[in-house]
Each structure stands twice: as structure tokens, then as C-alpha cells.
Amino acid sequence: MAASREYEAAYESIAGKHSVFTQAVLDGLEPGRLPSGIVTNYALTDWVSTALKAEMQQPLFENSGSEIILTRCQNPTTIIRTELTQEVCPYRGLECFDEAHAEFFFGREELTDQLIEKLKTRNFVAVLGASGSGKSSLVRAGLIHQLRQGHKFSGSDRWRIQLITPTDQPLKSLATAFVNSKAPTVDRAEHLMRAETLLREGGTGLCHLVRASLISSKYGRNSRLLLIIDQFEEVLPYVKDPKRNAIAIDSLTR
């Protein structure tokens with residue numbers, strides 16, 4: 001988890017002695033707040049996401065594989081349980097289903113299979129639909145979840161999946177997909193600058209970044225990069241100079 005996105009500031013809490021993000025994590029790790037007395041990585045993600053929903057910063061999460069128990073009560077039998085209380089509410093309202101909510105995502109299996117089939121033969125796949133029709137949920141809780149599980153592809157296919165949104169700096173946002181978020185701040189800033197420089201070279205620079213990211217991935221030469229750009233339509237208002245700002249569109253559609 002990260003406290004905020006690359007272009008956002010992480011704030012201190014006015015009421016407490018920790019940052020807004022740190023306080024949310026500490027509160028979320030308290031097992032006594034849950035009927036089960038167990039806090040998993042997915043439960044913590046949901047708690048932090050809800051706690052920071054009204055803040056000016058939005059945290060970043062990455063969960064994969066089976067759940068991990070982070071904290072639990074020493075004597076969970078003392079916890080009062082009730083069947084009317086659920087650890088996670090499956091109804092998302094107007095929010096999209098993310099990978100962490102895949103177990104509650106139903107009814108789009110056929111569309112998910114269609115997307116996976118297209119990925120087997122195409123380098124570019126567009127998901128089109130009206131606003132609020134569930135495009136993001138289909139990609140996040142459907143496609144990404146299935147690729148992580150490896151159910152639909154042969155054992156030789158391993159995926160390095162990067163999900164970004166264009167924001168008001170689409171080129172910088174694209175560059176972050178090729179930068180290690182766990183690297184020290186200084187190194188990350190330098191790598192981000194180099195990635196942006198390569199992207200300004202157009203398709204050639206993008207190819208160099210893709211090859212480098214796959215070579216450094218844990219799956220080696222058999223791995224494949226899936227770059228998902230959610231809210232892709234945000235790019236269009238910034239395409240004023242086709243030689244500079246349209247690099248992402250031109251390169252990714254080849």
C-alpha cells in the first residue's frame with residue numbers, strides 16, 4: 001500500500017500524531033473491530049480505502065494471490081459473533097468492483113472470457129460502453145483477477161499487470177507503469193524522469209521500456225505485459241500536439 005498517488009500529497013492528521021494514511025492503517029490492523037477477530041490483507045485494504053474516501057489523497061493498493069492474515073486476537077472465542085454482521089459488504093453502490101472484490105463480482109463471466117480470448121491474439125483491446133455500465137469492474141474484478149489466477153491461459157503465460165489512469169498528466173502517469181514503486185524516493189524520481197524521456201521518443205522508447213520491464217520481471221522471458229488504462233477517454237482533451245501528447249495512443253494501438 002502507498003499513502004497517495006505519485007502526483008498527490010500525503011497529509012498529516014490534525015487530530016492525531018500520525019499521518020492520515022498511517023492512522024487508517026493502525027486502526028485497520030486492530031483485530032477486535034471484526035467479528036472474526038482476524039485482519040487479512042483484503043480486509044485492511046477495504047478499511048483504509050473507506051477511511052480515506054473523503055480525504056484529498058487516495059491510497060494505492062496491490063493485492064494478489066491468496067489472503068494473508070496480518071493480525072488476529074489471541075482469544076477469538078471471546079468475540080461475540082452474529083450472522084447479521086458481514087466483514088465486507090458485497091454491494092459497491094456507485095463504486096466499481098476492484099480485484100479485491102472479485103469474489104462478489106458475478107454475471108460478467110462471458111464478457112470476461114471474451115476479453116481473455118481477444119488478448120490471446122491482439123495487442124490492443126478497447127472496452128467501450130456508456131458511463132457507469134461497469135467497464136472498470138469488468139476489467140478489474142473480472143479480467144485482472146482471472147489472469148492472476150491463471151485459469152484461462154497455459155502455464156507458459158505469466159502476466160505483469162500495470163493499471164493506470166491518465167489524470168491531467170497522461171505521459172507522467174504512463175511512465176509510472178514502468179517505475180518500481182518500492183524503490184527509494186530519489187531513485188524512483190530518476191527512473192520516472194528517464195521513463196518520460198523515453199516515452200517522448202514515441203513507439204521506439206515505449207518498446208524499450210516494455211522490454212526492460214519484462215526482462216526484470218519475476219517470470220522472465222515467458223512473461224507478458226498487460227498495460228490497462230482505465231478512464232482512457234481522459235487522454236483526449238490533452239491531445240493538442242499529436243507529435244508529443246498523443247504518444248500513448250499512437251504507440252499502444254500499433
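Residues numbered from 1 in each chain as written. Predicted model: local features only at pLDDT ≥ 70, side-chain atom pairs only at ≥ 80, totals over all residues. Heavy atoms only, no water.

**A few points about the side chain of His101**
Mapped onto the secondary structure, His101 falls in the loop between strand E2 (69-72) and helix H3 (109-121). Note on His101: relative accessible area 5%, which makes it buried. Sequence-distant contacts of His101, defined by excluding residues within four places in its chain, comprise Asp46, Arg92 and Cys96. (Helix = DSSP H or I, 4+ residues; strand = E, 2+ residues; numbered from the N terminus. Buried < 20%, exposed > 50% of the residue type's maximum accessible area, 1.4 Å probe, protein only. Contact = heavy atoms within 4.5 Å.)

**Structural notes on the environment of Ala141**
Relative to the assigned elements, Ala141 resides in helix H4 (residues 135-149). Distance in space between the C-alpha atoms of Ala141 and Glu99 is 4.3 Å, their sequence separation being 42 residues.

**Overview of the packing of H3 against H4**
Interaxial distance between H3 and H4 falls to 10 Å at its minimum, and their mutual angle equals 60 degrees. In terms of axis orientation, H3 runs oblique to H4. As for how H3 packs across H4, the hand of that crossing is right-handed. Here H3 contributes Leu111, Thr112, Leu115, Ile116 and Leu119 to the contact with H4, which in turn contributes Leu138, Gly142, Leu143, Gln146 and Leu147. Residue composition of the contact of H3 with H4, grouped by class: 7 nonpolar, 3 polar and no charged. (Axes fitted to C-alpha atoms, helices over the stretch in contact; angles between N-to-C directions. Parallel < 35°, antiparallel > 145°, perpendicular 65-115°, else oblique. Left-handed = near helix turned anticlockwise from the far one by under 90°. Nonpolar A, V, L, I, M, F, W, Y, C, P; charged D, E, K, R; others polar.)

**Here's the deal with the pattern of salt bridges**
Counted under the stated rule, the structure contains 7 salt bridges. With a shortest N-O distance of 2.3 Å, Lys53 and Glu95 are connected by a salt bridge. Remark: Glu95 occurs in the loop between E2 and H3 and Lys53 occurs in the loop between helix H2 (41-51) and E2; sequence separation between them is 42 residues. For Glu95, a relative accessible area of 32% gives the class partly exposed. Within the structure, one salt-bridge network assembled from shared partners comprises Lys53, Arg92 and Glu95. (Salt bridge = Lys/Arg side-chain N within 4 Å of Asp/Glu carboxyl O.)

**Side note on the packing of aromatic side chains**
One pass over the structure, following the stated rule, counts 1 aromatic pair. Taking 5.5 Å as the distance between ring centres and 50 degrees as the angle between the ring planes, the aromatic pair formed by Phe97 and Phe105 counts as tilted. Just as Phe97 is buried, Phe105 falls in that class too. (Phe/Tyr/Trp six-rings, centres within 6.5 Å; stacked < 30°, edge-to-face > 60°.)

**Observations regarding the confidence of the model for the protein**
Confidence along the protein averages 80 in pLDDT terms, with 82% of residues attaining 70 or more. When the criterion is pLDDT under 50, residues 243-254 qualifies, and its contacts beyond four places in sequence or with other chains add up to 25 contacts. (pLDDT = per-residue confidence, 0-100.)

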